[in-house]
Amino acid sequence: MTTPTLDIITKVPERAMVVFAHPDDAEIGSGGVIARWIAAGCEVTYVLCTNGSAGTADRALTPAQLAEKRAAEQRAAVDFMGVKHLVMLGYPDGGLEPTREFLADVVRAIRAYRPHTVFTHDPYRIKGFQHRDHRAVGLTTTDAVYPFARDHLHFPDQITGEGLEPHKVRELWYWGMDEPDVIVDVTDGVDQQIAALIRHESQVPGFNVPKGETIGNRVKARARELANGYAFEYGAAFRRLTARG
Ligand SMILES: [Zn+2]
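Report follows, based on the coordinates. None of these values were measured; they are calculated from a predicted model. (Residues numbered from 1 in each chain as written. Predicted model: local features only at pLDDT ≥ 70, side-chain atom pairs only at ≥ 80, totals over all residues.)

## Some thoughts on unusual backbone geometry
Here is step 1: Each neighbour pair has its own omega, and for Tyr146 with Pro147 the value is 5°, a cis peptide bond.
Here is step 2: At Asp24, a position not held by glycine, the phi torsion is positive, near 100°.
Here is step 3: On the secondary structure map, Asp24 appears in the loop between strand 2 (15-20) and helix 1 (25-39).
Here is step 4: For Asp24, a count of 27 C-beta atoms within 10 Å gives the class buried. (Helix = DSSP H or I, 4+ residues; strand = E, 2+ residues; numbered from the N terminus. Buried ≥ 20, exposed ≤ 12 C-beta atoms within 10 Å, placed from the backbone.)

## So, the sheet that holds strand 5 (residues 117-121)
Here is step 1: On the basis of which strands lie adjacent, the open sheet formed by eight strands has the order 1-7-8-6-5-2-3-4 and mixed pairing. Since the sheet does not close on itself, it has two edges, and those belong to strand 1 (7-8) and strand 4 (85-91), each with one partner.
Here is step 2: Relative to strand 7 (residues 182-185), strand 1 is paired through two bridges, and the arrangement is parallel. Residue pairing in the sheet places Asp7 in a bridge with Val182 of strand 7.
Here is step 3: Sheet strands touched by helix 2 (residues 63-81): strand 3 (43-50) and strand 4. Its angle to strand 4, the strand with the most contacts, is close to 160°. (Pairing = 2+ DSSP bridges. Contact = placed C-beta atoms within 7 Å. Axes fitted to C-alpha atoms, helices over the stretch in contact; angles between N-to-C directions.)

## Here we look at helix 6 (residues 190-197)
Here is step 1: Most of helix 6 is tucked away: six of the eight residues are buried.
Here is step 2: Those residues of helix 6 that sit buried are Val190, Gln192, Gln193, Ile194, Ala196 and Leu197.
Here is step 3: Buried positions along helix 6 lie against helix 1, helix 2 and helix 7 (215-226).

## Section: the environment of Gly31
Here is step 1: With respect to the helices and strands, Gly31 occurs in helix 1.
Here is step 2: With 158 residues separating them in the primary sequence, Gly31 and Gly189 have C-alpha atoms 7.7 Å apart.
Here is step 3: Setting aside its immediate chain neighbours within four residues, Gly31 contacts Ala26, Gln193, Ala196 and Leu197.

## Some thoughts on the packing of helix 3 (residues 100-113) against helix 4 (residues 132-148)
Here is step 1: Viewed as axis vectors pointing N to C, helix 3 and helix 4 meet at an angle of 60°, and their least axial separation amounts to 9 Å. Taken together, the axes of helix 3 and helix 4 are oblique relative to one another. Judged by the sense of rotation from one axis to the other, the crossing of helix 3 with helix 4 is right-handed. Each of Phe102, Leu103, Val106, Val107 and Ile110 in helix 3 lies in contact with helix 4, whose residues at this interface are Thr140, Thr141, Asp143, Ala144, Val145 and Phe148. (Parallel < 35°, antiparallel > 145°, perpendicular 65-115°, else oblique. Left-handed = near helix turned anticlockwise from the far one by under 90°.)

## A few points about the pairing of strand 4
Side-chain positions along a regular strand alternate between the two faces of the sheet.
Here is step 1: Note that strand 3 and strand 4 share five bridges and pair parallel. When the sheet's bridge partners are listed, Thr50 is paired in strand 4 with Tyr91.

Here it is as structure tokens:
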């Protein structure tokens, strides 16, 4: 039994957003929490940044065929979860750069859907490898939250020309962090997380599960490990940044 040191978060915001690189990253990163929050009435928006066109070991599939398949899988996962809005930015898989254009896209989504909490990849992870696209999404989303979506003089054309208003995100939650500081009880969400994850049928063979195990077992084993020492069976942990004022 380990000593619990993370803050247990039970509050559910009115609106949340998940910004992620590839189809299936949202389900892996925050799926358990999102399932629970939607059940509690939270309105959730997904922002998928790439089309996932490089995510296969199948040499018979063209990137365009794969992108189409993965878009359909993401829509199926979103419908299953009850995610309200899905924004697909369509950047090439493996080709994401932290450009002004990409930053403007994430700022636009934040200003349009106005989340209290945003989830994304931790771009500052240093223990272990991380996909280049994950870093680009994490960095750009962090910048979009503060200060670009908040301040009206950044991307002013979105305000004068597109009818959007600046928006202040209150909390940014990173998954894939080296050191988490918050945990959520996902005992009532982990089964939905797994069910949404396996909607990404093209990815299931690549999930790299040890022989004799399923992806569901693996997700549960990890969630059980995180909950060790807490008064619930399954947990999801994050590193949280909170806006001042
Ligand atoms: Zn990914």
